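Residues per chain, in single letters:
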Amino acid sequence: MHIKKWKKGRKKMSNEYKNPPISILKKSANLISKEEITDKVNKIEKTFWTFGIIIQVTNVIVGRLITRYCIRPKEGITISKIKGLKNDLQYSLGVERISIKSIREKQVIAIDIDNLKAQKLNLGDCIDNIDNEMKNSIIIGKDIDGKIVKKDLAKISNMLITGTTGTGKSNLLSSFIIDIVYNCDPIEVKLILIDTRLVNFRRFNGISHLLIPTITNVEEVKNALEYLEQEICNRYEMFEKENVNNLDEYNKKTQVKLPEIVVIIEDFGDLMLYDRKEIERYILKIISLSRAVGICLIISTARSSTDIITGEIKNNIPIRLTFKLPSQVDSKTVIDTKGAEELLTCGDSLFIGGEGNKLERVQTPYISDEEIDKIIRFVSGNNECKYDENVLKTMKEIEERKNNYYNELEEDEEEDPILEEIEKLLINIDEISAQFVQRRFKIGYNRAAKIVDQLELKELISGYSGSHTRQVLHRENYKKLEVKSEDVERNVEEERNQKDNIFNKWWFWILTIIFIMIIIGNM
């Protein structure tokens, strides 16, 4: 096999796949000027000297969001004394926020100062400077010391990304995909992209790494997750036959190589709101068993509440990254500590999952739409995209099996006697739940839940959404029900009038007969 030669530090790939050129990616402009750095160093030393503390600035690390000034105080000066001057230092430097912490391994105290103007970290600044120590790795970003943070896909297994809207979640997912396009051979790594919001992933259709086309329908998402569940079970059976424990050992031992599968879900919270019970069941099964079989799940969500990021999900995803969050409560939900509520923009994040699972402050890389479009055009134009027909066939069989099940359920199940009355009730309400039916018609919960399921099968209400109520759908289709309701109401009114008629009362006729008998007896 002919091997294509790559730039030093780049991974070698088969000549069947043409990697896009690095020149497409942009690099960042110059950072803070030397004059500005020198001015701040002088101010820091002068401020401490004013309070009788002699320090020396030993190193300055310039980042795009933060500049770190490493200082070493004179012997006998405590760290607490340095930290006690934090507010005075902020005032002297004219900045809103600084942080001071000791770095024991370097025997220095770090003063982190936010730059006056935050700058984005372009993916081109990272992807051209990585080595080849990790096979099939992705770039997380750069830490405050300027070192590139990256993770092996096999070791990531699962990853959770959170942050409020507009903080950079979607762009980070796009940079992961582009990173895989650059660094991973499509024979070794395959992608499944899920984007029910239809905003980000559809443009990647046609790249060689895709296992199947981008999934945008929620029902197809459930079919894909069920396929992954089956694939995990199949791979474990293959590993057992070959007496191996993980994907690397299996691929070394057999001629037929299995690819790593990276599943990226855009806005997992929307899926949980649509069908929490079933989606959560699939996700928990996959994240608990996927690591050894070479399946990596990366999910993002703008909702950091505990009904979306449940305890079970968080416990099975030790690698987590969060952008800016609204409050300390949200921060503790995601990373078990405060801090995310104070993050900046331009990719500023907190990442847990590195060496020793320590919390790191990392700036994630940025890639523009222009760069993405150029890379997609190059990859699509120079490489053939072959979707896996077996996977598509399996997903189709799953869909057919579900449809057959629901059709049989709909045919076999008898409608509840009060179902028609509840359907008429839907004309005047916007939402319904089993508890509502239970209270309104004074029936048991199981019967009420069964009625709600029957309404769902008729597509009159929305699907299961956890503790939330079901929304009434297709109100325009209720015209017939309205007409029918009027007829029913008219019939009910006639029946009521008949009941109110005294001649229809049984007691009236008994009294009449008694009265006649008394009259006859007196004659």
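These figures come from a predicted structure and were not determined experimentally. (Residues numbered from 1 in each chain as written. Predicted model: local features only at pLDDT ≥ 70, side-chain atom pairs only at ≥ 80, totals over all residues. Heavy atoms only, no water.)

## Things to note about the overall build of the protein
- Across its full length, the protein holds 18 helices and 17 strands.
- Evaluated residue by residue, the protein yields a buried proportion of 47% over its 523 residues.
- About 28,600 Å² of surface is accessible on the protein, with carbon and sulfur atoms providing 50% of the total. (Helix = DSSP H or I, 4+ residues; strand = E, 2+ residues; numbered from the N terminus. Buried < 20%, exposed > 50% of the residue type's maximum accessible area, 1.4 Å probe, protein only. Areas by Shrake-Rupley, 256 points an atom, 1.4 Å probe, with all protein chains shown as cover.)

## A look at a nonpolar patch on the surface
- A contiguous nonpolar patch, built from Ile510, Leu511, Ile514 and Ile518 and spanning about 360 Å² of accessible area, is present on the exposed surface.
- In this structure, leucine 511 sits in helix H18 (residues 506–522). (Patch = residues over 30% accessible without salt bridge, like charges linked within 9 Å, V, L, I, M, F, W, Y side chains within 5 Å. Salt bridge = Lys/Arg side-chain N within 4 Å of Asp/Glu carboxyl O.)

## Some thoughts on the sheet that holds strand S7 (residues 148–152)
- Pairing is mixed in the open sheet, where 9 strands are placed in the order S7-S6-S14-S13-S12-S8-S11-S10-S9. Looking at the sheet topology across the chains shown, the edges are occupied by S7 and strand S9 (189–195). Ignoring which end each strand starts from, the neighbouring axes of this sheet average 25° apart.
- Two elements, strand S8 (residues 158–162) and strand S12 (residues 319–322), share 4 bridges in a ladder whose sense is parallel. (Pairing = 2+ DSSP bridges. Axes fitted to C-alpha atoms, helices over the stretch in contact; angles between N-to-C directions.)

## Details of the nonpolar core
- Of all hydrophobic cores here, the largest spans 48 residues; its most connected members are Ile192, Tyr227, Leu228, Val263, Ile265 and Phe268.
- Residue contributions to this core peak at 9 residues, all from helix H9 (residues 268–289).
- The contacts of valine 263, once residues within four sequence positions are left out, are Ile192, Ile194, Leu228, Ile295, Cys296, Leu297 and Ile298.
- Counting 46 residues, the second-largest nonpolar core is a separate cluster that includes Ile138, Ile178, Val262 and Phe323. (Core = buried A, V, L, I, M, F, W, Y, C linked by side-chain atoms within 4.5 Å. Contact = heavy atoms within 4.5 Å.)

## Examining helix H3 (residues 86–93)
- Residues of H3 that are buried: Leu89, Gln90 and Leu93. Around the axis of H3, the buried residues are gathered within 100° of arc, so they sit on the same side. Residues of H3 that are exposed and angled more than 90 degrees away from the buried face: Asn87 and Tyr91.
- Buried-residue contacts for H3 involve helix H1 (34–50), strand S3 (98–103) and strand S4 (108–114). (Arc of directions from axis to C-beta.)

## Section: the packing of aromatic side chains
- For the coordinates displayed, the defined rule picks out 3 aromatic pairs.
- Ring centres of phenylalanine 239 and tyrosine 250 lie 5.4 Å apart, and the angle between their planes is 40°; this geometry places the pair in the tilted category. Taken together, the residues phenylalanine 239 in helix H7 (residues 218–242) and tyrosine 250 in helix H8 (residues 247–253) connect sequence positions 11 residues apart.
- For phenylalanine 239, a relative accessible area of 2% translates into the label buried.
- Three or more aromatic residues joined by ring pairs form one cluster here, namely Tyr236, Phe239 and Tyr250.
- In this structure, lysine 120 is placed above the aromatic ring of tyrosine 366, and the distance from its NZ or CZ to the ring centre is 4.1 Å.
- Directly above the aromatic system of tyrosine 282 lies the positively charged group of arginine 281, at a separation of 4.4 Å from the ring centroid. (Phe/Tyr/Trp six-rings, centres within 6.5 Å; stacked < 30°, edge-to-face > 60°. Lys NZ or Arg CZ within 6 Å of the ring centre and 35° of its normal.)

## A look at the sheet that holds strand S2 (residues 66–73)
- The 4 strands are arranged S1-S2-S4-S3 in an open sheet whose pairing can be described as antiparallel. Each edge of the sheet is formed by a strand with only one pairing partner; in this case those strands are strand S1 (55–62) and S3. Put simply, the sheet's adjacent strands are angled 25° from each other on average, direction ignored.
- Across the sheet, H1 touches S1, S2 and S4, and the angle it forms with S1 is around 150°.
- Lying on the sheet, H3 is in contact with S3 and S4; it crosses S3 at an angle near 125°.

## Here we look at the side chain of threonine 47
- Among the secondary structure elements, threonine 47 is positioned in helix H1.
- Looking at threonine 47, the relative accessible area reads 8%, which means it is buried.
- Among the polar contacts made by the side chain of threonine 47, one reaches the side chain of serine 92 at a distance of 2.7 Å.
- Non-local contacts of threonine 47, meaning those with residues more than four positions away in its chain, are made with Asp88, Leu89 and Ser92. (Polar contact = N/O pair within 3.5 Å; in protein donor to acceptor, adjacent residues only side chain to side chain.)

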